[in-house]
Amino acid sequence: MTDQSRIRNFCIIAHIDHGKSTLADRIIEKTGTLTSREMQEQVLDNMDLERERGITIKSQAVRIVYHADDGKEYIFNLIDTPGHVDFNYEVSRALAACEGAILVVDAAQGVEAQTLANVYMAIDHNLEIMPVINKIDLPSADPDRTVEEIEDIIGIEAHDAPRISAKNGINIEEVLEQIITKIPAPEGDPQAPLKALIFDSLYDPYKGVIAFFRIMDGSIRNGMKVRMMSTGAEFDVVEVGYFGAGRLIPCDELGTGMVGYMSASIKTLQETRVGDTITDALGPCDEALPGYKKVNPMVYCGIFPEDGAKYPDLRDALEKLQLNDASLFFEPETSAALGFGFRCGFLGLLHLEIVTERLEREYALELITTAPSVVYRVYKTNGVMLEISNPSNMPDPSEIEYMEEPIVSAEIMVTTEFIGTIMDLCQERRGVYISIDYIEATRALLKYELPLNEIIYDFFDALKSRSRGYASFDYELKGYQRSKLVKLDILVNREMVDALSFIVFADSAYDKGRRMCEKLKDEIPRQLFEVPIQAAIGSKIIARETVKALRKDVLAKCYGGDISRKKKLLEKQKEGKKKMRQIGSVEIPKQAFLNVLKLDDE
Amino acid sequence: MAENDIRKKPLSIYLHFPFCVKKCSYCDFLSFSADGSVREDYIAKLIEEIACRSGGFRGRPVRTVFIGGGTPSLMSKDQLSRLMGAVYRYYEVEDQAEISMECNPGTVCCAGMRPCEPARLSFADIRDCGINRLSIGLQSMDDGELRLLGRIHSSQQFLESYDAARGAGFTNINVDLMSGLPGQSLGSWMNTLERVCALSPEHISAYSLIIEEGTPFYKLYGCGEEAGRADCPALPDEDTERGMYHLARHFLRDNGYTHYEISNFSKPGCECRHNLTYWYRGDYLGMGLGAASLTDGCRSADTADLDIYMKTKAAPGAFLEKPLCAELSRLSRQEQMEETMFLGLRCRSGVGIRHFERVFGESIYSVYGAVIENYVRTGMIRDDGKRISLTAGGIDVSNWILSDFLIG
């Protein structure tokens with residue numbers, strides 16, 4: 001077995017697009033782990049979706065063998081981490097598996113909001129931070145200034161940080177050598193009972209659940225009996241191994257400080273959770289590793305299958321996704337308009353988009369999603385407090401004393417020319433100004449507190465477009481705050497359509513109600529009678545539109561040669577009627593829901 | 001009774017002549033312009049088909065013949081004469097058969113009115129060939145509207161043709177009219193109606209303009225958008241358009257015409273028997289390019305491809321095989337029921353309750369009770385115990401209603 005002193009476990013953290021994955025590619029390439037011919041661009045992002053969007057969603061790990069300048073052979077375990085703020089929990093578990101973190105900073109962009117967030121998290125995990133300055137090939141690169149930023153803002157030494165171009169493969173050797181000198185070898189007792197941290201898991205149709213772990217103490221062998229400490233479930237290990245780039249390589253045993261995987265015929269999806277501790281069932285360790293927690297979703301939406309018969313398929317798909325995504329939450333939900341489906345919770349909007357896209361793509365499901373919403377706190381007159389994410393569950397207004405909504409503290413990094421327009425944006429979103437810090441003459445860090453429901457949809461897009469892409473943004477949940485909120489209902493032909501109900505800030509209700517009525521009016525096909533569309537708060541109608549009755553739908557000519565075509569047209573009309581959801585006596589096409597629930601571009 | 005004996009069941013014949021001088025802006029019929037030799041070859045091939053297919057219909061009395069197009073009045077006298085000759089030779093045409101032909105004003109030679117090409121048909125020629133009913137495509141008495149439609153004639157030419165037709169002895173004439181035209185007003189529509197009624201034709205077909213895909217009108221007015229440009233007047237709005245339809249209904253009724261089908265009006269007894277065959281699902285044999293047939297429970301249609309049609313070698317059954325025969329399907333009982341309803345309801349007298357039961361051995365209510373009740377309740381359908389029919393309001397949204405008569 002490898003000498004523990006020659007192991008280095010590290011991850012790479014960075015702001016989006018600063019070059020984290022490209023650096024990972026170069027390290028793999030430089031150490032010969034994959035030949036150039038075998039290299040696919042950004043090989044660690046092996047999910048199609050990730051490659052398409054150019055972002056990392058899942059953690060993946062790779063073992064690299066490096067022949068150092070000192071002549072010795074080292075084992076590097078490189079753990080790739082998601083870069084997006086939504087996936088902080090996954091990032092934190094990946095960090096817990098490492099001793100050090102390579103911090104990649106773009107020499108042209110400098111230190112940005114998310115850089116800070118990830119660094120703080122790494123520091124919290126007691127990781128050694130090894131800064132690397134990337135993209136020195138760009139004309140706008142300013143490595144010296146970047147070094148100063150790192151030292152001033154983050155507070156770590158950066159004067160000897162390697163200055164590299166990951167894209168062009170410049171200076172990668174320096175990075176590899178510094179990994180050895182700056183990042184400590186893992187500690188841990190090989191003689192102690194097995195204690196391994198699961199930082200990721202994967203479902204394989206043949207092997208069942210595959211757990212990825214870092215061994216803190218002890219060792220794991222083929223055939224041994226292990227126990228998951230949070231659930232108590234026990235399994236016989238069928239296979240252990242480590243990671244080549246993009247493939248699993250089995251072996252007999254893995255020792256302390258090593259990163260690897262195991263499969264143990266784990267069939268059920270609930271039994272391997274990220275953050276859990278694996279131990280020896282016959283001689284378990286005393287305590288599980290700290291930090292295992294159930295994450296709280298920040299954003300919810302309803303997901304319904306277009307075809308009601310596919311409900312079991314949707315449920316299975318969500319269960320499978322949840323396996324690889326411990327932070328995905330779902331529970332059954334019904335809607336009079338949309339039938340049987342699920343209320344799902346996500347870490348954030350990107351998480352929501354990725355999950356729905358995976359459901360549609362990997363599981364070939366056609367879905368209807370309702371608008372994203374957050375969890376509100378409702379304090380009833382009888383003293384009971386309810387947490388509501390589904391507007392249908394809101395109690396009658398007469399029973400509500402007051403309501404609270406979740407608030408986030410947000411940090412926005414912006415170039416000075418856009419400070420004004422970004423502050424306007426935050427004001428529009430009911431933001432409360434906290435502070436502004438000038439990082440240097442041309443950049444500032446704005447701090448605002450904003451209601452979560454104002455930023456969950458298109459705030460990020462608006463931020464980017466108003467700052468020509470230069471602004472960056474990070475947030476965390478601060479707590480709950482009292483707020484004037486109301487439930488906005490939509491009635492079609494005087495019947496309430498529950499799928500279209502919203503909880504909104506009282507002052508925005510009229511505007512939103514009016515816009516929804518207008519949109520719906522365009523979406524609902526004319527019926528044989530006039531259809532009123534109304535927005536209401538409680539029993540008070542606050543906006544109204546009308547769909548005029550159908551006046552003309554007749555074929556003037558129908559002779560011998562027209563009959564076949566006529567029949568086809570009538571059949572199409574009949575099919576069209578079938579596809580519509582019957583809301584009382586009005587037929588509403590499914591697309592109408594989608595188009596109305598898609599929040600407008602501003 | 002003759003109707004119950006399949007071998008003696010009456011038959012209607014439709015013949016298609018797909019050639020025109022030029023295409024009108026709204027037309028999506030199977031028609032195009034072509035030179036004389038193409039037309040001559042086509043007539044010869046059509047006559048072959050007439051002979052070829054007669055084998056299956058020996059002994060069946062032919063009650064109506066209809067020559068449609070295109071512009072059948074572009075045929076020469078010789079061509080028309082040979083065509084009708086073939087029909088008489090191979091089929092048993094009844095003495096009282098209704099034999100119709102479509103004409104375009106301005107293509108028929110009006111004796112004494114202006115010099116004609118020698119080959120041009122005259123109304124006397126048409127009568128000589130056995131035609132006893134004329135269908136003249138006027139569309140509008142407003143010359144501006146005629147130009148917009150791309151028609152090749154003026155209102156004056158129509159009046160001359162009409163006079164000449166009467167002069168040649170035609171006692172059964174239909175005039176085609178169109179409402180809902182771009183730039184048309186209730187006033188100009190009324191004017192057209194009044195002037196045509198003054199001529200007292202036996203039959204008037206008044207159609208609402210349909211914007212069909214693939215026509216020049218579709219480019220201008222497709223997707224329900226109104227152009228509203230200087231050279232391109234807007235379509236009347238929906239309320240005005242329906243107003244025109246109902247205006248025609250009332251006006252024509254007040255002038256002695258019976259409204260017997262959605263777009264068709266006639267003096268009593270002068271309904272077009274050929275078209276009634278379509279709506280009441282009598283048997284009809286269609287021959288020529290794209291012609292449709294319903295015979296012995298099967299729907300079929302000739303190819304719409306002129307090359308394929310012209311290449312077909314005459315032999316019994318040739319015209320019923322692919323690729324010549326574009327469509328051939330035996331109708332199921334359910335399909336027959338559906339057709340009975342969506343075609344029969346086009347007629348103002350609708351579908352007879354006892355007739356339905358006799359034909360299908362099942363009460364109309366057991367099949368369509370719920371649908372009928374729903375629409376009776378909302379005033380779209382009338383049920384007088386003997387017949388089920390659409391109300392005037394029901395006609396306006398008849399497609400919506402008729403789609404509910406499709407089963408399953």
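Going along each chain's sequence as written, the residues are numbered from 1 onward. Just so you know, chain letters begin at A and ligand numbers begin at 1, following the order they were written in. Given that this is a predicted model, residues contribute local features only at a pLDDT of at least 70 and side-chain atom pairs are listed and counted only at 80 or more, while totals for whole chains, interfaces and linings are drawn from all residues. As a rule here, side-chain values come from all non-hydrogen atoms in the structure, and water together with hydrogens is ignored.

1. Examining the overall build of chain B
Okay, step 1: By the criteria applied, helices consist of DSSP H or I runs no shorter than four residues and strands consist of E runs no shorter than two, each listed in order from the N terminus. Check the secondary structure of chain B and you find 15 helices and 15 strands.
Okay, step 2: For every residue, the accessible area obtained with a 1.4 Å probe (protein chains only) is divided by the maximum for its type, and the residue is called buried under 20%, exposed over 50%, and partly exposed between those limits. In chain B, which comprises 408 residues, the share counted as buried stands at 54%.
Okay, step 3: Total accessible area on chain B is roughly 16,800 Å²; 52% of this is exposed by carbon and sulfur atoms. All accessible areas in this document rest on Shrake-Rupley with a 1.4 Å probe, and a residue is counted as covered only by the protein chains that are shown.

2. Some points on the overall build of chain A
Okay, step 1: Looking only at helices and strands, chain A features 14 helices and 32 strands.
Okay, step 2: Residues counted as buried form 57% of the 602 residues belonging to chain A.
Okay, step 3: For chain A, the exposed area adds up to about 25,300 Å²; of that, 47% sits on carbon and sulfur atoms.

3. As for the environment of Arg58 of chain B
Residue and element names in this part refer to chain B.
Okay, step 1: Position of Arg58 among the secondary structure elements: in the loop between helix H1 (36-53) and strand S2 (61-69).
Okay, step 2: Under the relative-accessibility criterion, Arg58 is labelled exposed at 59%.
Okay, step 3: Sequence separation between Arg58 and Tyr90 is 32 residues, and the spatial gap between their C-alpha atoms is 8.4 Å.

4. Here we look at the environment of Phe243 of chain A
All names here are of chain A.
Okay, step 1: Among the secondary structure elements, Phe243 is positioned in strand S11 (residues 239-243).
Okay, step 2: Through-space distance from the C-alpha of Phe243 to that of Phe212 is 9.6 Å; in sequence the pair is 31 residues apart.
Okay, step 3: Apart from the residues within four sequence positions on either side, Phe243 is in contact with Ala61, Val62, Arg63, Phe212, Leu248, Val259, Gly260 and Tyr261. In this description, contact between two residues means that some pair of their heavy atoms is separated by no more than 4.5 Å.

5. Notes on the packing of aromatic side chains
Okay, step 1: We call Phe, Tyr and Trp rings a pair once their centres come within 6.5 Å, taking the six-membered ring for Trp, and we label the pair stacked below 30 degrees between planes, edge-to-face above 60, and tilted otherwise. Considering all chains together, one arrives at 24 aromatic pairs over all chains under this definition.
Okay, step 2: Taken together through their ring pairs, the aromatic side chains of Tyr559 of chain A together with Tyr260, Tyr278, Trp279 and Tyr284 of chain B make up a single cluster.
Okay, step 3: Geometrically, a lysine NZ or arginine CZ counts as sitting over a ring once it is within 6 Å of the ring centre and also within 35 degrees of the ring normal. The lysine or arginine in question, Arg377 of chain A, covers the ring of Tyr480 of chain A, its NZ or CZ lying 3.9 Å from the ring centre.

6. A look at the confidence of the model for chain A
Okay, step 1: Averaged over every residue, the pLDDT of chain A is 82; the share at 70 or more is 87%.
Okay, step 2: Confidence of the predictor at the level of single residues is captured by pLDDT, which takes values from 0 to 100. Confidence, read as mean pLDDT per element, is least for helix H2 (residues 48-53) of chain A in chain A (51) and greatest for strand S20 (residues 376-380) of chain A (94).

7. A closer look at the interface of chain B and chain A
Where the parts come together, the accessible area they lose is often given as the size of the interface.
Okay, step 1: Tallying the contact residues gives 39 residues for chain B and 27 residues for chain A.
Okay, step 2: Buried area is calculated as the accessible area (1.4 Å probe) missing from two parts once they are joined, with the contributions of both summed. Both faces considered, chain B and chain A share a buried interface measuring about 3,300 Å² in area, 55% of it formed by carbon and sulfur atoms.
Okay, step 3: When the area that chain B buries against chain A is broken down by residue, the three leading residues are Glu238, Asn399 and Trp400 of chain B, summing to 22%.
Okay, step 4: Each salt bridge in this description consists of a side-chain nitrogen of Lys or Arg and a carboxyl oxygen of Asp or Glu lying within 4 Å of one another. Counting across the chain B and chain A interface gives 8 salt bridges.

8. Overview of the environment of Arg249 of chain B
Okay, step 1: With respect to the element layout, Arg249 of chain B can be found in helix H8 (residues 238-254).
Okay, step 2: Sequence separation between Arg249 of chain B and Ala392 of chain B is 143 residues, and the spatial gap between their C-alpha atoms is 9.4 Å.

9. Regarding the sheet that holds strand S17 (residues 329-335) of chain A
All names here are of chain A.
Okay, step 1: A sheet is described by the order of its strands in space; here 4 strands give the open sequence S17-S18-S16-S19, paired in antiparallel fashion. Edge positions in the open sheet fall to S17 and strand S19 (367-369), since each of these has one partner strand only. On average, adjacent strands in this sheet sit at an angle of 30° to one another, irrespective of strand direction.
Okay, step 2: Pairing between strands is defined by DSSP: at least two bridges between them are needed. Across 3 bridges, strand S16 (residues 299-305) lies against S19 in antiparallel orientation. Pairing of Ile303 across the sheet is with Thr369, part of S19. The axes are straight lines fitted to the C-alpha atoms, using for helices just the contacting stretch, and the angles between their N-to-C directions are given from 0 to 180°.

10. Here we look at the pairing of strand S4 (residues 133-139) of chain B
All names here are of chain B.
Okay, step 1: Counted residue by residue, S4 has 7 buried out of 7 residues, so it is predominantly covered.
Okay, step 2: Neither face of S4 is exposed, since Arg133, Ser135, Gly137 and Gln139 on one face and Leu134, Ile136 and Leu138 on the opposite face are all buried.
Okay, step 3: Pairing between strand S3 (residues 92-103) and S4: 4 bridges, direction parallel. In the sheet register, Met101 faces S4, and the bridge partner there is Leu134.
Okay, step 4: Alignment of S4 against strand S5 (residues 173-179), held across 5 bridges, turns out to be parallel. In the strand pairing of S5, Gln139 is matched with Leu177.

11. Description of the pattern of salt bridges
Okay, step 1: In total, this model carries 50 salt bridges over all chains according to the counting rule given.
Okay, step 2: Between Lys478 of chain A and Glu449 of chain A there is a salt bridge, with the nearest N and O atoms lying 3.3 Å from each other. Of this pair, Lys478 of chain A sits in strand S25 (residues 472-483) while Glu449 of chain A sits in strand S24 (residues 443-451), and the two are 29 residues apart along the sequence.
Okay, step 3: The buried category is assigned to Glu449 of chain A, whose relative accessible area is 15%.
Okay, step 4: In this structure, Asp302 of chain B and Arg53 of chain B form a salt bridge, with 3.1 Å as the shortest nitrogen-oxygen distance. With Asp302 of chain B in strand S11 (residues 298-302) and Arg53 of chain B in helix H1, this residue pair connects regions lying 249 residues apart in the sequence. As far as burial versus exposure is concerned, Asp302 of chain B and Arg53 of chain B are alike and both buried.

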